[in-house]
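# Chain and residue survey
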Amino acid sequence: MTAPPAALVNRNKKHFLGIPAPLGYVAGVGRGATGFTTRSDIGPARDANDVSDDRHAPPNKRKKKEEEEDDDEDLNDSNYDEFSGYGGSLFSKDPYDKDDEEADMIYEEIDKRMDEKRKEYREKRLKEELERYRQERPKIQQQFSDLKRGLVSVTEEEWRNVPEVGDARNRKSRNPRAERFTPLPDSVLTRNLGGESTTAIDPSNGLMSAIPGTATQGMLTPTGDLDLRKMGQARNNLMNVKLNQVSDSVEGQTVVDPKGYLTDLQSMIPSYGGDINDIKKARLLLKSVRETNPNHPPAWVASARLEEVTGKIQAARNLIMKGCEENPQSEDLWLEAARLQPPDTAKGVIAQAVRYIPTSVRIWIRAADLESEIKAKRRVYRKALEHIPNSVRLWKAAVELEDPEDARILLSRAVECCPTSVDLWLALARLETYENARKVLNKARENIPTDRQIWVTAAKLEEANGNNHMVEKIIDRAITSLTANGVEINREHWFKEAIEAEKGGSVHTCQVLIKAIMGQGVEEEDRKHTWMEDAESCASQGAFECARAIYSQALVTFPSKKSIWLRAAYFEKNHGTRESLESLLQRAVAHCPKSEVLWLMGAKSKWMAGDVPAARGILSLAFQANPNSEEIWLAAVKLESENSEYERARRLLAKARASAPTPRVMMKSAKLEWCLDNLELALKLLDEAIKVFPDYAKLWMMKGQIEEQQNKTDKAWETYNTAIKKCPHSVPLWLMLSGLEEKRKQLTKARSVLEKARLKNPSNPRLWLEAVRVEFRAGMRDIANTLMAKALQECPNAGILWAEAIFLEPRPQRKTKSVDALKRCEHDPNVLLAVSKLFWCEHKIQKTRDWFNRTVKIEPDLGDSWAYFYKFELLNGTEETQEDVKKRCIAAEPRHGEHWCKISKDIKHWRLTTEFILALVAKDLPIPI
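Per an unreviewed UniProt entry, the protein carries the name Pre-mRNA-processing factor 6 and comes from Nezara viridula. The annotation that UniProt attaches to the protein under Function (unreviewed entry) is "Involved in pre-mRNA splicing as component of the U4/U6-U5 tri-snRNP complex, one of the building blocks of the spliceosome. Enhances dihydrotestosterone-induced transactivation activity of AR, as well as dexamethasone-induced transactivation activity of NR3C1, but does not affect estrogen-induced transactivation." The UniProt entry for the protein carries this comment under Sequence similarities (unreviewed entry): "Belongs to the crooked-neck family."

The next thing to look at is the overall build of the protein. Within the protein, the regular secondary structure consists of 49 helices and 4 strands. Taking all 929 residues of the protein together, 33% fall into the buried category. When contacts within the protein are restricted to residue pairs at least 6 apart in sequence, long-range pairs at least 24 apart make up 49% of them. A total accessible area of about 60400 Å² is found for the protein, and carbon and sulfur atoms account for 52% of it.

Let's shift gears to the UniProt feature "coiled-coil region" (unreviewed entry) in the protein. UniProt feature "coiled-coil region" (unreviewed entry): in the numbering of this structure it lies at residues 107-143. Secondary structure content for residues 107-143 is 92% helix and 0% strand, while the C-alpha to C-alpha distance between its ends is 48 Å.

In this section: the pattern of salt bridges. Enumeration according to the criterion identifies 48 salt bridges in this entry. Across the pair Arg773 and Glu898 runs a salt bridge whose closest N-O atoms are separated by 2.6 Å. With a gap of 125 residues between them, Arg773 in helix H40 (residues 765-777) and Glu898 in helix H48 (residues 898-904) connect regions that are remote in the sequence. Overall, the relative accessible area of 18% leaves Arg773 in the buried class. For Glu873, the salt bridge identified is with Arg849, shortest N-O distance 2.8 Å. Separated by 24 residues along the polypeptide, Glu873 in helix H46 (residues 863-876) and Arg849 in helix H45 (residues 845-858) bring together distant segments of the chain. Through salt bridges with shared partners, one network takes in Arg305, Glu308, Glu336 and Arg339.

As for its placement among the helices and strands, Gly505 is situated in the loop between helix H24 (491-503) and helix H25 (507-517). Taking the relative accessible area as the measure of exposure, Gly505 reaches 52% and is therefore exposed. Sequence separation between Gly505 and Ala464 is 41 residues, and the spatial gap between their C-alpha atoms is 9.0 Å.

Where like charges cluster on the molecular surface, the negative patch consists of Asp94, Asp97, Asp99, Asp100, Glu101, Glu102, Asp104, Glu108, Glu109 and Asp111. Position of Glu102 relative to the elements: it lies in helix H4 (residues 98-136).

Let us now look at the packing of helix H29 (residues 578-591) against helix H30 (residues 596-608). Contact pair H29 / H30: the axes reach a minimum separation of 9 Å and the direction vectors enclose 150°. In terms of orientation, H29 lies roughly antiparallel with respect to H30. Crossing handedness for the pair H29 and H30: left-handed. In contact with Arg578, Leu581, Glu582, Leu585, Ala588 and Val589 of H29, H30 contributes Leu598, Trp599, Met601, Gly602, Ser605 and Lys606. Residues belonging to the contact of H29 with H30 are distributed by class as follows: 7 nonpolar, 2 polar and 3 charged.

Here we come to the environment of Glu308. The residue Glu308 is located in helix H12 (residues 297-309) in this model. Put simply, Glu308 and Leu340 are 32 residues apart on the chain and 8.5 Å apart in space, counted from C-alpha to C-alpha. Those residues in contact with Glu308 that sit more than four places away from it in its chain are Ile313, Ala316, Arg339 and Leu340.

The next point concerns a positive patch on the surface. Together, Lys638, Lys668, Lys671, Lys698, Arg895 and Lys905 give the surface a local cluster of positive charge. By secondary structure assignment, the location of Lys905 is in the loop between H48 and helix H49 (914-924).

Per-residue confidence for the protein averages 81 on the pLDDT scale, and 81% of its residues sit at or above 70. Note that pLDDT drops below 50 for residues 248-254; the model gives that stretch 5 contacts with residues more than four away or on any other chain.

This part is about the side chain of Lys871. Within the element layout of this structure, Lys871 appears in helix H46. Despite its burial, Lys871 remains without a salt bridge, the nearest opposite charge being carried by Asp924 at 7.9 Å. Within polar-contact distance, the side chain of Lys871 engages the backbone oxygen of Ala922 at 3.0 Å. If we ignore the near neighbours within four places in the chain, the residues touching Lys871 are Trp840, Ala922, Lys923, Leu925 and Ile927.

For the rest of this paragraph, the subject is the UniProt feature "repeat: TPR" (unreviewed entry) in the protein. When the UniProt feature table is mapped to this numbering, "repeat: TPR" (unreviewed entry) covers residues 697-730. In this annotation, residues 697-730 is assigned 79% helix and 0% strand; the end-to-end C-alpha distance for the span is 7 Å.

Given two aromatic rings, one states the distance between the centres and the angle between the planes to describe the pair. Taken as a whole and assessed by the stated rule, the structure comprises 11 aromatic pairs. For the pair Phe852 and Phe872, a centre-to-centre distance of 5.7 Å together with 45° between the ring planes defines the contact as tilted. With Phe852 in helix H45 and Phe872 in helix H46, this residue pair connects regions lying 20 residues apart in the sequence. The exposure classification of Phe852 matches that of Phe872, with both residues buried.

The next subject is a nonpolar patch on the surface. Taken together, the side chains of Ile106, Tyr107, Ile110 and Met114 make up a nonpolar region of the molecular surface, amounting to roughly 400 Å² of accessible area. Tracing the backbone through its elements, the reader meets Ile110 in helix H4. Judged by relative accessible area, Ile110 falls into the partly exposed class, the value being 44%.

The rules behind these values
Residues numbered from 1 in each chain as written. Predicted model: local features only at pLDDT ≥ 70, side-chain atom pairs only at ≥ 80, totals over all residues. Heavy atoms only, no water. UniProt positions renumbered as here; feature names shortened; annotations may be inferred. Helix = DSSP H or I, 4+ residues; strand = E, 2+ residues; numbered from the N terminus. Buried < 20%, exposed > 50% of the residue type's maximum accessible area, 1.4 Å probe, protein only. Contact = heavy atoms within 4.5 Å. Areas by Shrake-Rupley, 256 points an atom, 1.4 Å probe, with all protein chains shown as cover. Salt bridge = Lys/Arg side-chain N within 4 Å of Asp/Glu carboxyl O. Patch = residues over 30% accessible without salt bridge, like charges linked within 9 Å, V, L, I, M, F, W, Y side chains within 5 Å. Lys, Arg positive; Asp, Glu negative; His and termini not counted. Charge placed at Lys NZ, Arg CZ, Asp CG, Glu CD. Axes fitted to C-alpha atoms, helices over the stretch in contact; angles between N-to-C directions. Parallel < 35°, antiparallel > 145°, perpendicular 65-115°, else oblique. Left-handed = near helix turned anticlockwise from the far one by under 90°. Nonpolar A, V, L, I, M, F, W, Y, C, P; charged D, E, K, R; others polar. pLDDT = per-residue confidence, 0-100. Polar contact = N/O pair within 3.5 Å; in protein donor to acceptor, adjacent residues only side chain to side chain. Phe/Tyr/Trp six-rings, centres within 6.5 Å; stacked < 30°, edge-to-face > 60°.

Next comes the structure, spelled out in C-alpha cells:
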C-alpha cells in the first residue's frame, strides 16, 4: 500500500487540535451533555491531620512500623500530660494476669460512668461542630438554592426563550415556527370542491385558515373524476361481497349469527379465575400421569375436568374419549364422557359403554336418565334387567315407573331374583290383598329370618285388618325368633319402629312394641330413670302414644311411685284430653292417697271444666285422706271464693284457723276480708296473726298496704319500721318503706333506708336497682350511673341490673352494653327482654319477634315478657299472632314480673283471669324508645 498524499492529511486535520481551550470552555455543553464534579473541584477526601492509611503495606513491615510508633508515642512529649503523666503503657511487654484484668474492668466502669456524665455535653458539641462544618463547606445543592429561588420571578416568555439543550445543528428541525402539514378530513375536501376557498396552514402561527376566492385545480376541481360519496358506496359494496363469501352455500344464510355473536365471544372467555401458571403445571402433571400409566382412569377424569374448568370443553371431550379407548372397562370414564357430551351424543357414548360393560348398573341408570319418554325409560330398564337380574337398584327404579298392577307383577319377579331384599318383599306385600300379603310376608320371613321390619309390617297388617289380638302374638314371636337367630335386640332401633308405626297410624302396634321392648337390656335398678328418659324423648319427637304407653307400663311396674304419677299427669295435661287426665288422676289418688298435689290437680281439672260439685267432692275425699292439710284447706277456700261462695269460704277459713293455724291460713283469711272491703276486720285478723307469727313478712306487708289504702301514712310508716326490725332480711319490706319515704318527699330518708337494707342484705340486686331508680326519678342521672357501676361490680351476674343498665346508656352505646350483658347473663330472661326491647326501638320487627319468643321460652313464668310481647304484636302483628301470644300466655299462667305483679296483686283485680291481666298490663306498658 502507498502512503496518502500530504495534502489530504492536512485537509482532514482539525484546525483547533493542539490549540489551548478558550476561557470558560466546558466540553460537551454544545451538544447537551451535563457537567460533573471531580475530586479536584471539592478537595481531597481526607483532612491534613488524618492518620495515614498503610493498609496496603506488607504485613511484617506494617507490624514492625506499628510497634515502633507505639514505643515512640509512649514516651514522647506529645503523649505527656502535667496532671496524669505519660498516656501510654510502660509495662505493655509484661504478662497480663487476673489482677490486671480486674483493674482494667474497674477503670472501664469508671470511664463508662464518666462518659455518661459527659454525654449531653459531647452530643451538643458534636452538633455545633457539624453545623459549623456545613456552613464552611456547603453542599452543591445548597450553593444553588438562592438561584433556584430566583427562578420564581422568570416569566413565561423568558422560559420560552431559554435555548434547548443539545446540538445546535438540529435546532432548525425543532423550530416551532417551521411550516407544518396536517391531513384533512373528507368533509373539508368535499366543501372545497365548489371553489369557494382553499384551506392551508399559516406558517406564521401554525393554525389552519381559509383563503377565499381560490380553488385547488386538478383532480379536486368540480370537473374532476373523484367522487367521495361514490367511494363510500364502493367500500360498502366490497364489505357485502366479503360477507357473501362466508355465507352458507346450502341454505344461503350467513354463518355469522349477529344475535349470538357476543354470547359466543363470552363463552370463549375462560371461567376459571385462578393463576394460569397453576393450570399449566396441573396440565403438565396430569399429562405425565397419563403417559406413565394410561390405564389409570382417575388421571383421564381429572385431565378432562381441568380442561372443562378452564373453558376448553372440546379438549375435555377429546381427552375423555381417548381415555375410554384406553380403558374401555372403566364405568367412571364412560359416565364422565356421557356427562361432558351433549344429550344426543351422550346417548351414543352410553350405548358404546353398554357394549363394553353390559353388567354396570350405573351405566344402565344413566342410559335411562338420558331418555325423555317414560316408555323409553321402561324399555331401557327391562333391557338392563335382562343383563343384571339380581340388581335391587334396577328393580326399584323399574317398579317406580310402572302402574300398581304392572308393579305388582314386576315385584313378583323381583323377589324371585332378589330374595334377600327386604324392601322388595315389603313393597310387594303393600300391593297385594290381605291374604296374599300374609303369604308374601311369610315367604319373606323364610328367606330373611333376621330382619325385624318384616315382623313389624306383619303386625301393622293385622292391625289394619282389625286383628288386634294377633299383633301381640306377632311381636312376641318376632323377638323370640330374632333372638334364636342370633340377632341383637337394639332398643333404639325398636323404638324408632314404634315411632314410625305411630306416625303411620298403627297405634296398637306401637303400644305393643313399646311394652315388649322397653324392658330389654335395662338393669332393674335403672328401670325408672331409663323409662322416664324414654318417655320424654318420645314426647319431644311428637310420639305421644309411645310416651303414653311407656308411662302406662311404668305405672304398672311402680304403682306407688308418686313422681311417675305426677309426670304422667303433667303429660296428659299438656298432650292429652281432660277425660284422660281425670281418669289417670283417679287411679293416681287410689294408689297415692297422701299426695296432695294429685288431689288438687283432680279438683282443679273438674273446676276448670265447670263441675264445681265434683271438685268439692274430690276435695272432701282429700280432707279424709289428708286431715289438717294446709294446701287442701286453701284449695277449698279458693274454690268457694272463686265461685262467689264467700260465706262458705269464711267458714272453711275459720275451721282451718282452728285446726291448722298456719301463717298462710291467717294471711288468706285476712286477704279474703280485704278483697271483700272489710278493712277493719282484715286489720284485726292481721294483728292477731302478727302476735302469733311476728316473723312472717307478708302479714306486715298486708297491714302496711291496707293502712296506705286508708291514707294512714304515719301508721303505715310505723308498721314498716317495726316490720324491718322483725324481718330484716325481707327485701320487699325495705322496698315498701323506701317507696313510702319517696311518696312523702323524703328523698334523703329513702336513700338511707336503701343503704341500711344493703348493709343487712349485701349483694342483693333488687335493692341496688331501686337505689338507681330513686336517683333517676329525682333527676340525678350522674349519681344513678355511678350507683349502677357499683351495683354491677357487687352483683356482676344480676340480669335485672344489666337490663336496666342497657337503657341508662345513650342510644349509640346501648348495643355495646347489650353485648356485655349477654356475655354475663346469656340465659337471663330480664336481659333477653331488654335486648328484645332494644330491637323494637330500632324497628327490627322480625328480630324483635324472635327475641321475644326466646325470652318467653326460657322463662314462661315472667309476666312482663308476655305483656311486652303482646303489646308488640298489637302494634306490629296480625290478629293470628296476637291470639297465639294470648293463648300461650294463658297456658303458661305467669305469676312474676315487676309490671305484672303491680296489676295482678292489686286488690281491685283479685278475681281477674290471666287473659284480662295480660290486656291491662300491656295497656299500661310504655313503648320502648
